[in-house]
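Take a look at the letters that make up each chain.
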Amino acid sequence: MSVQRRLEQVEEEIHAACERSHRSRDEVEIITVTKYATVERTQEVLDAGLIHIGENRAESGVEKWHALNGRGNWHFIGQLQSRKVKEMIDQFDTIHSLDRLSLAKEIQKRAKPGRVVDTFVQVNVSGESSKSGIRPEDTVNFIEELEKYSSIRVIGLMTMAPYAKDTEETRPIFRHLKELQQEVKQSKFSHAPCHHLSMGMSNDYEVAIEEGATFVRIGSALVGEDE
Ligand SMILES: *Cc1c(COP(=O)(O)O)cnc(C)c1O
């Protein structure tokens, strides 16, 4: 099925979720996760008017960025090894997986002079050992520590919920991230406006939107294999 056709279905769901939660559709941006998609398919995504592209590997993401002449806004959504920062930092606009100070230090070192990199702090709300991210209780302290890195701006928090057949089970995870965001905002850090929430994937984006997501990261529902 074409990306355009799938997008129409996803848009319907997004509109419905916004309506249920009395939110405006403009508060939610779609990041199309193209990590398993070819360059051609990613081109189709951009042609469908979807401007936010999500990739989770440095080499393949940068390769695709070049193949598409840097069209779109590129979001790094995967675990980021410090040694990979230098090869991807110039191509990616936003990093969704800041989860340790050593990574912040590397971003500071590698960002072009004058650039302030938009980042999300990844929080492991569910506590699953397989997921990366800081502990929820460390969020405010961790963000406070980031102040010394002048090249980093924390624009939001990011999390991944465990896969749940009944997506209602993901709601407490998303709600918890929203509460942490409120705490960060109350601290009024100038380096951490934290006005975004990156949460929700193909399986659970509707619940995430109801709980306040401003970026949903959607892969399979937009660019996955046809069933
Ligand atoms: C792959 C991935 C997604 C998208 O997953 P889908 O289930 O295909 O929508 C979102 N976020 C992250 C961090 C991912 O790695």
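Right, let's walk through the structure included here. As the structure is a computational prediction, the values presented were derived from the model and not from experiment. Just so you know, the residues in each chain are numbered from 1, in the order the chain's sequence is written. Reporting of local features is limited, given that this is a predicted model, to residues whose pLDDT is at least 70; pairs of side-chain atoms are given and counted only at 80 or more, and all residues count toward the totals for whole chains, interfaces and linings. The side-chain quantities take in all heavy atoms of the structure and omit both hydrogens and water.

1. Let's talk about the pattern of salt bridges
Right, so step 1: Salt bridge, as applied in this entry: a Lys or Arg side-chain nitrogen positioned within 4 Å of an Asp or Glu carboxyl oxygen. Throughout the structure, instances matching the rule amount to 22 salt bridges.
Right, so step 2: Between E8 and R5 there is a salt bridge; the shortest N-O distance is 3.3 Å. Placement of the pair is E8 and R5 together in helix α1 (residues 3-20), with a separation of 3 residues, close to one helical turn.
Right, so step 3: By relative accessible area, which is 39% here, E8 ends up partly exposed.
Right, so step 4: As a salt-bridge pair, E211 and R171 come within 2.8 Å of each other at their nearest N and O atoms. Residue E211 is found in the loop between α8 (205-210) and β8 (215-218), and its partner R171 is found in helix α7 (residues 171-187); the two are separated by 40 residues along the sequence. With respect to burial, E211 and R171 carry one shared label: buried.
Right, so step 5: Counted as one network, the salt bridges with shared partners bring together R20, E168, R171, R175, E206, E210 and E211. Under the scheme used here, helices are H or I runs from DSSP no shorter than 4 residues and strands are E runs no shorter than 2 residues, and both carry numbers assigned from the N terminus. Partly exposed describes any residue whose relative accessible area lies between the buried limit of under 20% and the exposed limit of over 50%, with all areas from a 1.4 Å probe on protein chains only and scaled to the type maximum.

2. Topic: the pairing of strand β6 (residues 152-158)
Right, so step 1: Within β6, 6 of the 7 residues are buried, which leaves it mostly tucked inside the rest of the structure.
Right, so step 2: Think of it this way: DSSP has to see at least two bridges between two strands before they count as a pair. In terms of strand pairing, strand β5 (residues 117-122) meets β6 through 6 bridges, oriented parallel. Within β6, the residue paired with V121 across the bridge is L157.
Right, so step 3: Between the parallel pair β5 and β6, the chain is carried across by helix α6 (residues 139-145), and the sense of this crossover is right-handed.
Right, so step 4: The pairing of β6 with strand β7 (residues 196-198) spans 3 bridges and is parallel. Its bridge partner being in β7, M158 is matched across the sheet by S198. The definition of a right-handed crossover adopted here requires that, viewed with the strands pointing away, the path from the first strand over the helix to the second runs clockwise.

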